[in-house]
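Spelled out from the first residue to the last, the chains are:
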Amino acid sequence: FEGKADKDIEKKMIIFVRHGESTWNDTFNKGDRKTLAFIQGFLPGLVKAIFMEWYFWVTGQEVESWFYDAPLSKKGQKQADTIHKYLPEAK
């Protein structure tokens, strides 16, 4: 940048965003839930996940999965909405 005035140098901001919580994370990770709440919800969540895998298979949606490349959970969708609102302001 030798010889360039400060006004000639363009500045850029890079924001790294990690994915939001997925259905897999919701089923298998405690996250910010209390231990008792996680334990109480684990078995029903596991049954739901297995049912969803079966449903995807029966309906011919084998490319969908609760476990592999899982979609965003409700919390993950909320996280995505929050970052979507934040990004235009980060200039």
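Above this text sits the structure in question.
**Q** When you look at the overall build of the protein chain in this model, what are you seeing that I'm missing?
**A** When its secondary structure is counted, the protein chain shows three helices and zero strands. Counting helices and strands in the order they occur from the N terminus, the protein chain gives α-α-α. A globule of 91 residues ought to have a C-alpha radius of gyration of about 12 Å, yet the protein chain, at 21 Å, is considerably larger. If one aligns the C-alpha atoms of the protein chain with their principal axes, the spans along those axes are about 65 × 35 × 20 Å.

**Q** I tried to follow the packing of aromatic side chains on my own but got confused; where do I start?
**A** The geometry of two aromatic rings is summed up by the distance between their centres and the angle between their planes. Applying the stated criterion across every chain yields a total of seven aromatic pairs. Summarising the aromatic geometry, the rings of Tyr55 and Phe56 are spaced 6.1 Å apart at their centres and angled 55° between planes, so their arrangement reads as tilted. A relative accessible area of 36% means that Tyr55 is categorised as partly exposed. On the basis of relative accessible area, Phe56 is assigned to the buried category, the value being 11%.

**Q** Any chance you could explain the layout of surface pockets here in plain terms?
**A** Rolled over the atoms, a probe as big as a water molecule pinpoints where empty space is left. Roughly 250 Å³ of internal volume is contained in the largest pocket. Forming the walls of the largest pocket are 17 residues, and the residues nearest its centre are Asp26, Thr27, Lys48, Trp66 and Ser73. Taken together, the elements giving at least two residues each to the lining of the largest pocket come down to helix H1 (23-28), helix H2 (35-58) and helix H3 (74-86). Considering each element in turn, the lining of the largest pocket owes the most residues, six residues, to H2. Along the lines of polarity and charge, the residues of the lining of the largest pocket split into five nonpolar, six polar and six charged.

**Q** Help me understand the environment of Gln77 in this model?
**A** In this structure, Gln77 sits in helix H3. Under the relative-accessibility criterion, Gln77 is labelled partly exposed at 43%. Residues Gln77 and Val47, 30 residues apart in the sequence, show an inter-C-alpha distance of 22 Å.

**Q** Hey, could you run me through unusual backbone geometry in this one?
**A** The phi torsion of most residues other than glycine is negative, and most of the peptide bonds are trans. Even without glycine at this site, Asp69 takes up a positive phi of about 50°. Summarising the element assignment, Asp69 is placed in the loop between H2 and H3. The exposed category is assigned to Asp69, whose relative accessible area is 69%.

**Q** Help me out: how do you make sense of a nonpolar patch on the surface in this one?
**A** Side chains of Met13, Ile15, Val17, Tyr86 and Leu87 sit close together on the surface and give an oily, nonpolar patch of about 450 Å² of accessible area. Within the element layout of this structure, Ile15 appears in the segment before H1.

The rules behind the values
Residues take numbers from 1 onward in each chain, read along the sequence in its written order. Whole-chain, interface and lining totals are the exception, using all residues; otherwise, since this is a predicted model, local features are given only for residues with pLDDT of at least 70 and side-chain atom pairs are given and counted only at 80 or more. Working from all heavy atoms in the structure, the side-chain values ignore hydrogens and water. A run of H or I in DSSP counts as a helix once it spans at least four residues, and a run of E counts as a strand once it spans at least two, with each numbered from the N terminus. This radius of gyration counts C-alpha atoms alone. The globule rule is 2.2 Å times how many residues there are, raised to the power 0.38. Here a pair means two rings of Phe, Tyr or Trp (six-membered ring of Trp) with centres within 6.5 Å. Their orientation is stacked below 30 degrees between planes, edge-to-face above 60, and tilted elsewhere. With a 1.4 Å probe rolled over the protein chains alone, any residue whose accessible area is under 20% of its type maximum counts as buried; one over 50% counts as exposed, and the rest are partly exposed. Every definition here rests on a 1 Å grid over the protein atoms only: cavities are sets of points where a 1.4 Å probe fits but cannot get out, pockets are open sets enclosed by protein on both sides within 12 Å along at least five of seven lines, and lining residues have some atom within 4 Å of a point. Grid points are joined across faces, edges and corners, and a volume is the space filled by probe spheres set on the points. In this count, Pro and Cys sit with the nonpolar residues alongside Ala, Val, Leu, Ile, Met, Phe, Trp and Tyr, while Asp, Glu, Lys and Arg are called charged and the others, Gly among them, polar. Only residues above 30% relative accessible area that lack a salt bridge enter a patch, with like-charged residues linked at up to 9 Å and the nonpolar side chains Val, Leu, Ile, Met, Phe, Trp and Tyr linked at up to 5 Å. The protein chains shown are the only cover counted for residues, whose accessible areas, like all others here, come from Shrake-Rupley with a 1.4 Å probe. For this analysis, a salt bridge means a side-chain nitrogen from Lys or Arg found within 4 Å of a carboxyl oxygen belonging to Asp or Glu.

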